[in-house]
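Observations on the model geometry
Listed below are the residues making up each chain.
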Amino acid sequence: MSAPVLTGPSAELDDLSVWPASTARLPGGNLSVGGVSLTDVAERFDTPAYVLDEGEVRARCRTYRAVFPDADVLYAAKAFLSRAMVRWIDEEGLGLDACSAGELELAVTAGFPAARIVLHGNAKSPRDIETALRLGVGRIVVDSPSEIARLAAQVGSGGRQKVMVRVVPGVSAGGHEKIRTGTDGQKFGLSLTDGSAQHAIARVLGQPQLELTGLHCHVGSQITDVKPYLVAVRRMVGLMARIKESHGVTFPELDMGGGHGVAYRAGESALDLTALARRLNGKLSASCAAAGLPVPRLVIEPGRAVAAPAGVAVYRVLAVKPTGSTMFVAVDGGMSDNPRPALYGARYAPRLIGRSTTAEPVATTVVGRHCEAGDILAADVLLPGDVRPGDLLAVPVSGAYQLSMASDYNLVGRPPVVAVHDGSARLLVRRETQEDFRRRDIGA
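1. Some details on the environment of G170
- Residue position: G170 is located in the loop between β9 (161-168) and β10 (190-191).
- On the basis of relative accessible area, G170 is assigned to the partly exposed category, the value being 33%.
- Sequence-wise, G170 and A379 are 209 residues apart; in three dimensions their C-alpha atoms are separated by 33 Å.

Dropping the structure here:
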């Protein structure tokens, strides 16, 4: 029997709008995701644990393929990568956007076609480039002038590598200043306004080992408005027109990056992908027609919008401590498995699972177990007033930029990743153990 529908403040706690579509209420205040009880996951795999809904990942991939049928859709591996994720992305027809030799090796050894991989990075190491060339990646995105000669030299006189040039279009967008990458004054790309991009393009065109297939830009992350993309595409087409005029070259590809925002809490906005596809394609076609250019093949790179809503983090409460006007609820994870609140001020909506309660909601700050005052997972959120040690808290929209950015702070160890699908759960990434730390520490 389903739990009753709540009203008032309790309704906010019971809202499942940002949870995976497979989420269902169970008796006793529990939830299931992918047909698997979250309390069962906690009992079987311990806590903290990350739950990844395979069906949600696949459904989001299919949505992208449906709304962008004529574009290349590349999953941004930095959001979260594992061998299973690689397989799901491959089977759903997406390409892959990687940023390091490590991501490249994992993807290709898991069976992903190297030709459908694009390598990014503002400071690619010699190993990154060597690995990309050895594996045969489809594109390498040039991010700085110094990369051009290095890349050409590593390709060698008898080879040829397809590349793109990353352009900074002068567009400010994103949920936090640290994830706004479309303006001058940050580390990514080559400026459109000072001529750096045009100069780099000319240099690439002069390298016979490099085949310039198009331009790339990325204006930021966690963007919920279509307008920044429209401004960026107009400026990119303007640059393409100037390159054709000065060099007689027409580019067949235009990569507009990703950064598609999702809702982390009920009531927040998310980027409308249908509107994005319609308006972006419309602006691209109109801009190219005005410039007398053929319409290039569009490339987009979603990461968060595929992975984040498919993930749920499950923690166990270790301590409850009222301090002044603040009720602190401490859990067995924290900034070592989710640094986003400390880095970007990210906001989440934890939920009590595993038992029913009639207690009134109270304002609570959920904190981690680490020796940092900034180890806060969710500030000023509503939780039942009787929350106590031993309870389980589940945090939705936890599939991206949490475990992928995790650390070994305090040698706590990174949590496992558990896939759920059609009523079954399986371990994708095991929990990091004290034995792992001992094996890596070989000094005396």
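That was the structure; now back to the text.
2. Side note on the state of the cysteines
- Within this structure, the stated rule accounts for 0 disulfides.
- The closest cysteine sulfur to the non-disulfide-bonded C61 is located on C99, 17 Å from its own sulfur.
- A relative accessible area of 0% means that C61 is categorised as buried.
- C217 supplies the cysteine sulfur nearest to C99, a cysteine that is in no disulfide, at a spacing of 16 Å.
- Overall, C99 belongs to the partly exposed group, its relative accessible area being 31%.

3. Thoughts on the sheet that holds strand β1 (residues 24-25)
- Judged by pairing direction, the sheet is antiparallel, and its 3 strands sit side by side in the order β1-β2-β3 without closing on themselves. Each edge of the sheet is formed by a strand with only one pairing partner; in this case those strands are β1 and β3 (36-37).
- Pairing of β1 with strand β2 (residues 31-33) involves 2 bridges; the strand directions are antiparallel. When the sheet's bridge partners are listed, R25 is paired in β2 with L31.

4. Quick look at unusual backbone geometry
- A cis amide bond links T47 to the next residue, P48, at an omega of -10 degrees.
- Summarising the element assignment, P48 is placed in the loop between α2 (38-45) and β4 (49-53).

5. Some points on the environment of L230
- With respect to the helices and strands, the residue L230 is situated in helix α9 (residues 227-247).
- Residue L230 is classed as buried on the basis of its relative accessible area, which comes to 10%.
- Not counting residues within four places of it along the chain, the set of residues in contact with L230 comprises R279, L280 and K283.

6. What to know about empty space enclosed by the protein
- Applying the stated criterion across every chain yields a total of 2 cavities of 30 Å³ or more.
- Estimated volume of the largest cavity: approximately 80 Å³.
- Taken together, 15 residues line the largest cavity, and the ones lying closest to its centre are Y50, L52, F80, S398 and G399.
- The set of elements that each furnish at least two residues to the lining of the largest cavity consists of β4 and β14 (311-323).
- If you tally residues by element for the lining of the largest cavity, the top one is β4, at 3 residues.
- Class assignment of the residues belonging to the lining of the largest cavity gives a composition of 10 nonpolar, 5 polar and no charged.
- Its volume calculated, the second largest cavity comes out at about 50 Å³.
- Considering the residues around the second largest cavity, the lining is formed by A313, Y315, N338, Y348, P350, V366, L377, A378, V395, S398 and Q402.
- Contributing elements (two or more residues each) for the lining of the second largest cavity: β14 and β18 (376-384).
- Here the residues of the lining of the second largest cavity sort into 8 nonpolar, 3 polar and no charged.

7. Some points on the packing of aromatic side chains
- Summed over the entire model, instances satisfying the criterion amount to 2 aromatic pairs.
- When the centroid spacing of 6.4 Å and the interplanar angle of 15 degrees are considered together, the rings of Y64 and F68 count as stacked.
- For Y64, a relative accessible area of 0% puts it in the buried group.
- Given a relative accessible area of 1%, F68 falls into the buried group.
- Both rings, one in Y264 and one in Y348, keep their centres 5.5 Å apart while their planes meet at 85 degrees; by these two values the pair is edge-to-face. Taken together, the residues Y264 in the loop between β12 (253-255) and α10 (273-291) and Y348 in the loop between α12 (340-344) and β16 (351-353) connect sequence positions 84 residues apart. Each of the two residues, Y264 as well as Y348, counts as buried.

8. Remarks on the pattern of salt bridges
- Within this structure, the stated rule accounts for 25 salt bridges.
- E92 is the partner of R62 in a salt bridge, and the nearest nitrogen-oxygen pair spans 2.8 Å. Taken together, the positions of R62 in helix α3 (residues 54-67) and E92 in the loop between α4 (83-91) and β6 (95-98) put the pair 30 residues apart, joining distant regions of the chain.
- Across the pair R414 and D408 runs a salt bridge whose closest N-O atoms are separated by 3.6 Å.

9. With respect to helix α5 (residues 101-109)
- Among the residues making up α5, those that are buried are A101, E103, L104 and A107. One side of α5 holds all its buried residues, which, seen down the axis, span an arc of 160 degrees.
- Where α5 is buried, its residues touch α4, β6, β7 (117-119) and α6 (126-135).
- Directly after α5, the chain includes G111, whose backbone phi takes a positive value near 105 degrees.

10. Section: the confidence of the model for the chain
- Counting all residues, the mean pLDDT for the chain is 93, and 94% of those residues have values of 70 or more.
- Segment residues 1-8 is flagged for pLDDT under 50; beyond a separation of four residues in sequence, or across chains, it makes 5 contacts in the model.

11. Remarks on the packing of α9 against α10
- Relative to each other, α9 and α10 sit at 25 degrees, their axes nearing to 9 Å. By the criterion of interaxial angle, the relationship of α9 to α10 is roughly parallel. Viewed along their axes, α9 and α10 form a crossing whose handedness is right-handed. Touching Y229, L230, V233, R234, V237 and A241 of α9 are L276, R279, L280, K283, L284, S287, C288 and A291, all from α10.
- When the residues that make up the contact of α9 with α10 are grouped by side-chain class, the tally is 10 nonpolar, 1 polar and 3 charged.

What counts and how
Residues numbered from 1 in each chain as written. Predicted model: local features only at pLDDT ≥ 70, side-chain atom pairs only at ≥ 80, totals over all residues. Heavy atoms only, no water. Helix = DSSP H or I, 4+ residues; strand = E, 2+ residues; numbered from the N terminus. Buried < 20%, exposed > 50% of the residue type's maximum accessible area, 1.4 Å probe, protein only. Disulfide = S-S within 2.5 Å. Pairing = 2+ DSSP bridges. Contact = heavy atoms within 4.5 Å. 1 Å grid on protein atoms, 1.4 Å probe; cavity = no way out; pocket = protein on both sides within 12 Å on 5 of 7 lines; lining within 4 Å. Points joined across faces, edges and corners; volume = space filled by probe spheres on them. Nonpolar A, V, L, I, M, F, W, Y, C, P; charged D, E, K, R; others polar. Phe/Tyr/Trp six-rings, centres within 6.5 Å; stacked < 30°, edge-to-face > 60°. Salt bridge = Lys/Arg side-chain N within 4 Å of Asp/Glu carboxyl O. Arc of directions from axis to C-beta. pLDDT = per-residue confidence, 0-100. Axes fitted to C-alpha atoms, helices over the stretch in contact; angles between N-to-C directions. Parallel < 35°, antiparallel > 145°, perpendicular 65-115°, else oblique. Left-handed = near helix turned anticlockwise from the far one by under 90°.

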